[in-house]
Amino acid sequence: MPVTLSTREADFAARFESLLGAKRESSVEVGETVAAIIDRVKTEGDAALIALSKQFDRLDLTPQTLAFSQDEIEAGYRDTDPAIVKALEVAASRIRAYHEKQKPADQLYTDATGVTLGAKWTAVEGAGIYVPGGTASYPSSVLMNAIPARVAGVERIAMVVPTPDGAVNPAVLAAAKIAGITEIYRIGGAQAIAALAFGTQTVKPVTKIVGPGNAYVAAAKRQVYGQVGIDMIAGPSEVLVIADSSANPAWIAADLLAQAEHDAAAQSVLVTPDADLADAVAREVERQLALLPRAQIAGASWADFGALIVTSDLDEALAIANRMAPEHLELSVENPEALLAGVRHAGAVFMGHHTPEAIGDYVGGTNHVLPTARSARFASGLGVYDFLKRVSILGCTPSALAELAGPAETLAAAEGLDAHGRSVAIRRN
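Note that the coordinates shown come from a computational prediction; the quantities given were computed from them, not determined experimentally.

A. Seen up close, the packing of aromatic side chains. As enumerated under the stated definition, the model contains two aromatic pairs in all. Ring centres 5.4 Å apart and planes at 15 degrees place the aromatic pair phenylalanine 12 and phenylalanine 16 in the stacked group. You can see phenylalanine 12 and its partner phenylalanine 16 sitting in helix α1 (residues 12–21), four residues apart, about one turn around the helix. An identical accessibility class is assigned to phenylalanine 12 and phenylalanine 16; each is buried. When the ring centre of phenylalanine 68 is taken as reference, the NZ or CZ atom of arginine 186 above it lies at 4.0 Å.

This is the structure:
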């Protein structure tokens, strides 16, 4: 059964801390295994990718078949249900339009001293996108990862997707074509991350790697960070719904289950000042759960990590939400705009009764790659900025240098860096 809490109860603080501290991530120790795989790819290159694909994916590859041919990509597009293709195109259009508005402008100005200051933005040269394969195959994630990179101006995008037994979801290839990706490799796991980071005879290295994966992929991303950039280490999905008496219990239950069906370790939380609504939602969850094809997964998630929290008012509900810093925050209340101003920590906010989080997963336009496990306290969702670097600009005229030289030389002397001071002083003579 899900945890049921009330802020009016004496033991609320302790039980809420227990809820916050509950570990939902897998504790599998894979670091040493991943380190060995990465070292093997660095040493053996294509040969390691071929051997590991045979070992883990039961797939016989050659250097010539590591990548999908353009004909294979086109065939995947053609084999995808036209309705799915159309939906992907709608999603791509909206995602692109939203992310176009994120592009920052270069700056250049001269201050009162006569110093020129500013910054210019440049895109990373190459981005690698990891796309899960097998049963966890999400064409929408291809769009969410690739389109911000394209909008940022990334020239090269390399995609990797594991193909166990040679099988691939054609919709993944269709999404790649729609996003303009032509470089796709049928490799996965830690070995794919290593190939993207260090390169092989066939796979050229990239400068940033994004996209979700299993524990081995997450560990590999941690280990190659520094050689390349990464987006984040994502954990199980989560949603927190703040609802008042105007909310529909059936709608709220459906939203909670939409997250729960992702993973047995996903978390769905309702926070409301209406105890009757909490009871009604709990009943609706049980009723709808019986109808779901993924009832076993969703049921385990709801039973082990679900929560119903009753508060004194909406302000208290908002304070709890900020402490939990959820990946997804739904404001299912009569006046969501009034609550929005107080939201400090959330990956994404969904406003009002007619904005289920699932719209954001697919066609809303916002990105669904979001910080989990309370990392929204210090991190943001994937966007154009993740594929850009800011270069600072500074320029002094002779008179500006003369005005700034004294303080600069003083600070250089205070730090015992005489050559620093001399490089300034020599220009004043």
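Having seen the structure, we can now continue with the description.
B. Quick look at the sheet that holds strand β7 (residues 208–210). Taking strand neighbours across the sheet as the criterion, the five strands line up as β6-β5-β4-β7-β8 in an open arrangement whose pairing is parallel. Whereas interior strands pair on both sides, the edge strands pair on one side only; in this sheet they are β6 (183–185) and β8 (229–230). Pairing between strand β5 (residues 156–160) and β6: three bridges, direction parallel. The partner of alanine 158 across the bridge, within β6, is glutamate 183.

C. Examining the pairing of strand β3 (residues 116–123) more closely. As paired elements, strand β2 (residues 107–110) and β3 share four bridges and run antiparallel to each other. Looking at β3, one finds that threonine 110 is bridged to threonine 116. A loop of five residues connects β2 with β3, the two strands running antiparallel in sequence, and glycine 114 in this loop sits at a positive phi of about 95 degrees. Pairing of β3 with strand β14 (residues 388–395) involves eight bridges; the strand directions are antiparallel. When the sheet's bridge partners are listed, threonine 122 is paired in β14 with lysine 389.

D. Spatial organisation of the nonpolar core. In this structure, Ile129, Val142, Leu143, Met159, Ile181, Ile184 and Phe387 are the most contacted members of the largest nonpolar core, which totals 39 residues. The element best represented in this core is helix α6 (residues 139–152), accounting for eight residues. Those residues in contact with valine 142 that lie beyond four places of it in its chain are Val131, Met159, Val172, Ala175, Ala176 and Ile181. Grouped together as the second largest cluster of nonpolar side chains are 31 residues, Leu49, Val160, Ile187 and Val217 included.

E. Here's a closer look at the pattern of salt bridges. Scanning the model with the defined rule gives twelve salt bridges in all. The salt bridge partner of arginine 15 is glutamate 9, with a shortest N-O separation of 3.6 Å. Arginine 15 gets classed as partly exposed once you look at its relative accessible area, which sits at 32%. For glutamate 9, a relative accessible area of 38% corresponds to the partly exposed category.

F. Fine view of the side chain of threonine 200. The topology assignment puts threonine 200 in the loop between α8 (189–198) and β7. We classify threonine 200 as buried; its relative accessible area is 16%. Among the polar contacts listed, one links the side chain of threonine 200 to the backbone nitrogen of threonine 202, at a separation of 3.2 Å. Residues contacting threonine 200, with those up to four places away along its chain left out, are Val41, Gly45, Asp46, Leu49 and Ala195.

Cut-offs applied
Residues numbered from 1 in each chain as written. Predicted model: local features only at pLDDT ≥ 70, side-chain atom pairs only at ≥ 80, totals over all residues. Heavy atoms only, no water. Phe/Tyr/Trp six-rings, centres within 6.5 Å; stacked < 30°, edge-to-face > 60°. Helix = DSSP H or I, 4+ residues; strand = E, 2+ residues; numbered from the N terminus. Buried < 20%, exposed > 50% of the residue type's maximum accessible area, 1.4 Å probe, protein only. Lys NZ or Arg CZ within 6 Å of the ring centre and 35° of its normal. Pairing = 2+ DSSP bridges. Core = buried A, V, L, I, M, F, W, Y, C linked by side-chain atoms within 4.5 Å. Contact = heavy atoms within 4.5 Å. Salt bridge = Lys/Arg side-chain N within 4 Å of Asp/Glu carboxyl O. Polar contact = N/O pair within 3.5 Å; in protein donor to acceptor, adjacent residues only side chain to side chain.

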